[in-house]
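# A look at the structure
Listed below, chain by chain, are the residues.
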Amino acid sequence: YAYRRKFRPSRKPVQPSPEHRCRVIRGDNVARRVWRDLTNDLRTLSEEHKTVPQLVFVTASDTGHRHVQSAMRVLHEEAPALRVAERALPSGSGTAAIVAAIAELNGDPDVHAVSVQLPLADEVDVSRVLGALAPEKDAEGMSDVNFKEMCLKVGKPLAVPTTAIGALEVLWRFNLPMHGRRAVVIGRSNTVGSPVAQLLLHNNATVTICHSFTADMASVVREADIVVSSLGKPNTVRGSWLKPGAVVIDLGSGSVPDASRPSGRRKVGDVSFDEAVRVASFIAPSPNGVDRLILPMLVKNTINLTRHGLGLQLLDAPPGTVMAARQPSVTAT
């Protein structure tokens, strides 16, 4: 399944070279390779199975609508073989209206995947909304069934949360071992932190989750071979927190004042990049890191849901299938 692969452990742990050169990946370069792979997968569905997947976004807010319009422009350019539509509900729609729209899409055989855009209005019961998603059409991996399956040791989710699987995609594509490594995940949200921790566990890492109540977080992080941060607090993770040679995946998103920018602010992640690059061996920064893989992972989930509906094996081999580790990608810096 897409979230778990047998990994052939590297003979040597990830370590900086004597002169310490940190590899910084550029998410747009990695995304370009992922889009190419997905284009081939979509072509296979179209030519061999006469099926063109359809992804439908459900929006119930102005913010969600703007986000979807931007996403659809990217999808039309990068994945023209994918059908994309929006079910736009009035801003502020209640739980019943959203659940009814989802039920209609669940029953439409022409729709293969549904993505509900969060956040919704404060009075909406988000748990009920996500619970209404049929697991076989849950594009974000957030339905009750898929999330539970992701958390089970022998679970078989049909889709997994996109940011989380994007982080794992980086580790796989650059052949960075998780097996037996100590990993620290900073943040425990249902959409990012908790799923990342589960995926690392499934790949045989020893995982610790840090959160706002963790005492002496810096000392905990300093033990980690792999650090994944999803706090959303700019420059929280300092270089002094990191173990030399650590692998750092920054999933945070925030901004700091910057008079040189037209907006007066500059986007940054959780990790103090200028400090971390002197210590880590590998960094996926924010922005232009895993954030560039969120849409490709959504398309990958859509393809897997379509393949499941056709009775085909998912894109990645199921648990128990021995797979060779991916070869390291060409330098993406």
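For the structure given in this document, a descriptive report is provided here.

Thresholds, definitions, all that
Residues numbered from 1 in each chain as written. Predicted model: local features only at pLDDT ≥ 70, side-chain atom pairs only at ≥ 80, totals over all residues. Heavy atoms only, no water. Buried < 20%, exposed > 50% of the residue type's maximum accessible area, 1.4 Å probe, protein only. Helix = DSSP H or I, 4+ residues; strand = E, 2+ residues; numbered from the N terminus. Axes fitted to C-alpha atoms, helices over the stretch in contact; angles between N-to-C directions. Parallel < 35°, antiparallel > 145°, perpendicular 65-115°, else oblique. Contact = heavy atoms within 4.5 Å. Nonpolar A, V, L, I, M, F, W, Y, C, P; charged D, E, K, R; others polar. Core = buried A, V, L, I, M, F, W, Y, C linked by side-chain atoms within 4.5 Å.

Burial analysis of helix α7 (residues 193–202) places eight of its ten residues in the buried class, the great majority of the element. Along α7, the residues that are buried comprise Gly193, Ser194, Pro195, Val196, Ala197, Leu199, Leu200 and His202. Residue Asn204 follows α7 closely and has a positive phi angle near 70°.

Helix-helix packing is described using two parameters, namely the angle between the two axes and the distance between the axes. Put simply, helix α6 (residues 162–173) and helix α10 (residues 294–309) touch, their axes get as near as 8 Å, and they point 105° apart. When the axis of α6 is compared with that of α10, the two are roughly perpendicular. For the pair formed by α6 and α10, the contact residues are Thr162, Thr163, Ile165, Gly166 and Glu169 on the first element and Ile294, Met297, Leu298, Lys300 and Asn301 on the second. Its residues assigned to classes, the contact of α6 with α10 comprises four nonpolar, four polar and two charged.

Side chains that are nonpolar tend, in soluble globular proteins, to be buried together. The biggest cluster of nonpolar side chains holds 75 residues, and the ones touching the most others in it are Ile98, Leu200, Ile249 and Phe282. Not counting residues within four places of it along the chain, the set of residues in contact with Leu200 comprises Leu171, Met178, Ala183, Val185, Ala205, Val207 and Val228. Ranked by size, the runner-up nonpolar core spans 19 residues in total, among them Val24, Cys210, Met217 and Val237.

Another point: unusual backbone geometry. Going from Leu118 to Pro119, the amide bond is cis rather than trans, its omega being 0°. Within the fold, Pro119 resides in the loop between β4 (113–116) and α4 (126–131). Residues Ser286 and Pro287 are joined by a peptide bond in cis, for which omega reads 0°. Of note, Pro287 is situated in the loop between β11 (282–284) and α10. Unlike most non-glycine residues, Asn235 shows phi in positive territory, near 55°. Within the secondary structure, Asn235 sits in the loop between β7 (226–229) and β8 (247–250). Non-glycine residue Asn288 carries a positive phi angle of around 65°. Tracing the chain through its elements places Asn288 in the loop between β11 and α10.

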